[in-house]
Protein chains: 2
Amino acid sequence: MKLASYKSGRDGQLMIVDRGLQRCCPAGDLAPTMQTALDDWSNIAPRLQERYEHLCEGTLDASSAFEPGKCAAPLPRSYHWADGSAYVTHVELVRKARGADMPTSFWEDPLVYMGASDAFIGPEDPVTAESEDWGIDFEGEVVVVTDDVAAGTTADEAAKHIKLLGIVNDVSLRNLIPGELAKQFGFYQSKPWTAFAPVFVTPDELGTAWDGARLHLPLRATLNGELIGAPNAGQDMTFDFPTLIAHCAKSRSLISGTVIGSGTVSNVGSKDGSCCLAEVRCLETLRDGKPSTPFMSFGDRIHIEMLDGEGASVFGAIDQQIRPFERSTV
Amino acid sequence: MKLASYKSGRDGQLMIVDRGLQRCCPAGDLAPTMQTALDDWSNIAPRLQERYEHLCEGTLDASSAFEPGKCAAPLPRSYHWADGSAYVTHVELVRKARGADMPTSFWEDPLVYMGASDAFIGPEDPVTAESEDWGIDFEGEVVVVTDDVAAGTTADEAAKHIKLLGIVNDVSLRNLIPGELAKQFGFYQSKPWTAFAPVFVTPDELGTAWDGARLHLPLRATLNGELIGAPNAGQDMTFDFPTLIAHCAKSRSLISGTVIGSGTVSNVGSKDGSCCLAEVRCLETLRDGKPSTPFMSFGDRIHIEMLDGEGASVFGAIDQQIRPFERSTV
């Protein structure tokens, strides 16, 4: 099934969306919000699924046109957002461009950082920043949402905890990163917002594209109408999602609604382009000695989407404009 | 006023606790959980306050003995836990002990990392770990809880967003830290749990000990009945709470219920002892060439508490035993 949250209060209103992303119906009587559904997923999911099937079959009386512009992130605020950097080829490229070696341990031990789970934004919400000088970049990623995961869960056991998948734009302020990483406490100001495509989908919706560990479809990133890249998310993912989950649960349990990200999707050699401008600039640096593509400017529009084998949108589109700060509370 | 959450479901049941931490009453009719109270704080807080005053005056019919053992963390799961390292004297000492210089920028630009806001545990919950080899340590800290904070809020404007204060034991797995920091993505596996004292208190409860930016009382850490230290949280705090909030809100807004921590309380020269074993071991290393105090062992008991000028407990006590993992979901 496919699930969205229409904007309403702080946690949105849970909506069921049909396979083709054309029609939707509210699910508030089953679970008012995505988090309440996740809190009791084994009981709630079958009821949502039943209504979803009626919606897809057209046998539901009360449905309406699905409007992505009304969407918050499917889970508007989460208690945990752990973002990996699972395409190690990307990390290697970034380091190569700045003349730094990469420790061989990076191929064996996942890189994961804690992201801002309270700063999830909707698919068409603007990306705001105080200054273009911050180096505003997008990062196209795949994410999974887990149920409760016990501390010490192994990768073998982790796959069954993946309940939903989605795609995100993990906004990065590139020019704030070097200073933060030098302090060794990880990203903070440099990773402000994460925008989500309109719907989360259950693994069964993905057919053979989902092998239980990786999602084998290209993730398309388009900036101002120009395709920047469409690398395949199933290729060159050094650490698959069960491995990332086991890494996150090594020293403590995870609670239902935990969002775990792949990091920027990237393929060896970048033959199908890139899912962030940092990678484009690294390739330019290696080729020309310096980058020529600028980071994003106010007014730019970033579009991120994943199409299935028949060209249909799986998660709906992220389509955001870059804008100066508007000082308002969430 | 003072507020706690008795264990109940995932988010606890909001309780009002009297000034002396002797009596309590439920607040579920006003707000079922701490987060729902925070989501609408300006409306809910005055009603909680009114009942608190009746409770303290003894004019409330339905009150019962307050039982800290029934407590979850006052906010059992939060959307954002940003932990600072605001006592720079502590950072300097740790670096000195390992022969490393500290960049002078550390005195001007706050160190903050994103903590595990879904892994908050109650004051008497065990601290679990798979192995003592992980180097299990406690960290005594002061925290504040904010309401909604707009992106770009300055330190001058930030103080008014502090709605509640608490104390925590930020559990650290010292032997997992060097490997994680070397990867530059910050703490993840090395910061599993944060335990909270039974109650959050509003700033007005603290009298002159709270100056709007720092809390001027000693934080006492006792291990197996032996006082490890009682440094004063108001002294040597290089970055006060409004400064930490402004740092966190530089590139995005914060939502109500954001928890911001001071980092391990530490005074120059450590004359009143330390609030973590890492600092004790650093002092030993500087004096003797090597540490002699071990990290915590299974069966150990850590007690963290803050007493006011009259010796009364402000937040109640954190009192936890260290235990091997029990594989269970939260």
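Residue indices follow the written sequence of each chain, beginning from 1 at its first position. Following the order in which they are written, the chains are lettered starting with A and the ligands numbered starting with 1. Totals for whole chains, interfaces and linings use all residues, but because this is a predicted model, local features are given only for residues with pLDDT of at least 70 and pairs of side-chain atoms are given and counted only at 80 or more. Only hydrogens and water are removed before side-chain values are computed, so all heavy atoms of the structure are retained for them.

Take the overall build of chain A next. The secondary structure content of chain A amounts to seven helices and 19 strands. For this measure, only C-alpha atoms enter the radius of gyration; the expected value for a globule follows 2.2 Å times N^0.38, where N is the number of residues. Taken over C-alpha atoms, the radius of gyration comes to 19 Å for chain A, in line with the 20 Å a tight globule of 330 residues would show. A total of 330 residues make up chain A; the buried ones form 62% of that total. Residue pairs in contact within chain A that sit at least 24 positions apart in sequence constitute 73% of those at least 6 positions apart. Starting at the N terminus, helices and strands are each numbered in turn, a helix being any DSSP run of H or I of at least four residues and a strand any DSSP run of E of at least two. Partly exposed residues are those whose accessible area sits between 20% and 50% of the maximum for their type, while under 20% is buried and over 50% is exposed, using a 1.4 Å probe and protein chains only. We call two residues in contact whenever any of their non-hydrogen atoms come within 4.5 Å of each other.

This part covers the sheet that holds strand β8 (residues 127-129) of chain A. Residue and element names in this part refer to chain A. Overall, mixed pairing links the five strands, which are arranged β8-β19-β18-β15-β16 in an open sheet. With partners counted over all chains shown, the strands left at the sheet margins are β8 and β16 (226-229), one partner each. Along the sheet, successive strands turn relative to each other by an average axial angle of 25 degrees, direction set aside. Being paired, for any two strands, means DSSP has found at least two bridges between them. Relative to strand β19 (residues 318-324), β8 is paired through three bridges, and the arrangement is parallel. Considered in β19, the bridge of Thr 128 is made with Arg 323. Fitted lines through C-alpha atoms serve as axes, helices being fitted only where they are in contact, and the angles separating the N-to-C directions of these axes extend from 0 to 180 degrees.

With that settled, consider the interface of chain A and chain B. At the junction of the two partners, chain A supplies 59 residues and chain B supplies 59 residues. Summed over both partners, the accessible area (1.4 Å probe) lost when two parts come together is defined as the buried area. When chain A packs against chain B, the two sides together hide about 5800 Å² of surface, and 54% of this comes from carbon and sulfur. Of all residues in chain A, Tyr 79, Phe 185 and Tyr 188 of chain A give up the largest surface area on contact with chain B, accounting jointly for 16% of the area buried on that side. Whenever a carboxyl oxygen of Asp or Glu lies within 4 Å of a side-chain nitrogen of Lys or Arg, that contact is scored as a salt bridge. Put simply, chain A and chain B have 10 salt bridges between them. In this structure, Asp 39 of chain B engages Arg 77 of chain A in a salt bridge whose closest nitrogen and oxygen atoms are separated by 2.8 Å.

Residues and elements named next belong to chain A. For Asn 224, the position within the fold is in the loop between β15 (219-223) and β16. You can call Asn 224 partly exposed: its relative accessible area is 45%. With 72 residues separating them along the chain, Asn 224 and Met 296 place their C-alpha atoms 9.9 Å apart. Look past the residues within four positions of Asn 224 in its chain and what remains in contact with it is Asp 300 and Arg 301. Separated by 3.0 Å, the side chains of Asn 224 and Asp 300 make a polar contact. Within 3.5 Å is the distance limit for a polar contact, defined as a pair of N or O atoms, with the added protein rule that one can donate a hydrogen and the other accept it, and that residues adjacent in sequence qualify only through two side-chain atoms.

Another aspect to go through is the UniProt feature "domain: Fumarylacetoacetase-like C-terminal" (unreviewed entry) in chain A. UniProt positions are given in the numbering used here, feature names are shortened, and annotations may be inferred rather than shown by experiment. As recorded in UniProt, the sites labelled "domain: Fumarylacetoacetase-like C-terminal" (unreviewed entry) are residues 80-318 of chain A. The straight-line gap between the two end C-alpha atoms of residues 80-318 of chain A is 21 Å; of that span, 17% is helix and 23% is strand.

Once that is clear, we can look at the packing of helix α3 (residues 88-97) of chain B against helix α7 (residues 277-288) of chain B. Residues and elements named next belong to chain B. The N-to-C vectors of α3 and α7 enclose an angle of 45 degrees; their axes lie 9 Å apart at closest approach. When the axis of α3 is compared with that of α7, the two are oblique. As α3 runs across α7, the sense of the crossing is left-handed. Here His 90, Leu 93, Val 94, Lys 96 and Ala 97 of α3 lie close against α7, whose contacting residues are Glu 279, Cys 282, Leu 283, Thr 285 and Leu 286. Three classes are used, and their members are as follows: Ala, Val, Leu, Ile, Met, Phe, Trp, Tyr, Cys and Pro are nonpolar, Asp, Glu, Lys and Arg are charged, and the others, Gly among them, are polar. Of the residues in the contact of α3 with α7, the class split is six nonpolar, two polar and two charged. What sets the label is the angle itself: under 35 degrees gives roughly parallel, over 145 gives roughly antiparallel, 65 to 115 gives roughly perpendicular, and the rest give oblique. Crossing handedness follows the turn of the near helix against the far one: under a right angle anticlockwise gives a left-handed crossing, and clockwise gives a right-handed one.

Moving on: the relation of the copies chain A and chain B. A least-squares fit on C-alpha atoms brings the copies together, and the residues used are those whose pLDDT is at least 70 in both copies. When chain A is fitted to chain B, the best match, at an RMSD of 0.0 Å, comes from turning it 180 degrees and sliding it 0.0 Å along the axis. Here the copies are linked by what is in effect a two-fold axis. Within chain A, the C-alpha atom positioned nearest to the axis of rotation is that of Gly 186 of chain A, 1.9 Å from it. Of the residues that chain A buries at the interface, 100% are likewise interface residues in chain B, meaning the two copies contact each other through the same surface.

Bringing a negative patch on the surface into the picture now. Distance thresholds for patches are 9 Å for like charges and 5 Å for nonpolar side chains (Val, Leu, Ile, Met, Phe, Trp, Tyr), applied to residues having over 30% relative accessible area and no salt bridge. Areas reported here follow the Shrake-Rupley algorithm with a probe of radius 1.4 Å; residue values treat only the protein chains shown as occluding. Within this scheme the basic residues Lys and Arg register as positive and the acidic residues Asp and Glu register as negative, but His and the chain ends are omitted. Charge coordinates come from a single atom per side chain, which is NZ of Lys, CZ of Arg, CG of Asp or CD of Glu. A cluster of acidic side chains, namely Glu 50, Glu 53, Glu 57 and Asp 204 of chain A, defines a negative patch on the protein surface. The residue Glu 57 of chain A is located in helix α2 (residues 41-57) in this model.

What follows is about the confidence of the model for chain A. Confidence per residue, as judged by the predictor, is encoded in pLDDT with a range of 0 to 100. Chain-level statistics for chain A give a pLDDT mean of 96 and a share of 98% at 70 or above. Predicted as a complex, the structure gets a pTM of 0.97 and an ipTM equal to 0.96.

The accessible area lost on association of the parts is a frequent measure of interface size. Residue and element names in this part refer to chain A. Residue ranges assigned to the domains are those given by an automatic or database domain assignment. When the domains of chain A are assigned, the result is domain 1 (2-69) and domain 2 (75-324). For domain 1 and domain 2, the distance between their C-alpha centroids amounts to 25 Å. Taken together, the 20 residues of domain 1 in the interface contact 23 residues of domain 2. Where domain 1 abuts domain 2, roughly 1800 Å² becomes buried across the two surfaces, and 57% of that area is made up of carbon and sulfur atoms. When the buried area of domain 1 at its contact with domain 2 is split by residue, Lys 2, Gln 35 and Leu 38 rank highest and sum to 30% of it. There are three salt bridges connecting domain 1 and domain 2. Across the pair Asp 11 and Arg 77 runs a salt bridge whose closest N-O atoms are separated by 2.8 Å. At the surface where domain 1 touches domain 2, the tally comes to eight residue pairs in polar contact (both at pLDDT 80 or more). Sorting the residues of the side of domain 1 that touches domain 2 by element identifies β1 (2-6), α1 (34-39) and α2 as the ones contributing at least two each.

The next point concerns α2 of chain A. Residue and element names in this part refer to chain A. Compared with the 24 Å implied by 1.5 Å per residue over 17 residues, the 23 Å span of α2 between its first and last C-alpha is a close match. Of all the positions in α2, only Trp 41, Ile 44, Ala 45, Leu 48, Arg 51, Tyr 52 and Leu 55 are classed as buried. Buried residues of α2, viewed axially, fall in a sector of 135 degrees; they line one side. Within α2, the exposed residues directed more than 90 degrees away from the buried face are Ser 42 and Glu 57. Directly beyond the C-terminal end of α2, a positive phi value near 75 degrees is found at Gly 58. Helices are assigned an expected span. That span is 1.5 Å times one less than the residue count. To obtain the arc, one takes the directions from the helix axis to the C-beta atoms.

Here we take up the state of the cysteines. Criterion for a disulfide: a pair of cysteine sulfur atoms at a distance within 2.5 Å. For the structure shown, the criterion picks out zero disulfides over all chains. In this structure Cys 282 of chain A is not part of a disulfide, and its nearest cysteine sulfur, from Cys 276 of chain A, lies 7.7 Å away. By relative accessible area, Cys 282 of chain A is classed as buried at 10%. The thiol sulfur of Cys 24 of chain B is not disulfide-bonded, and the nearest other cysteine sulfur, from Cys 25 of chain B, lies at 7.0 Å. Overall, the relative accessible area of 0% leaves Cys 24 of chain B in the buried class.

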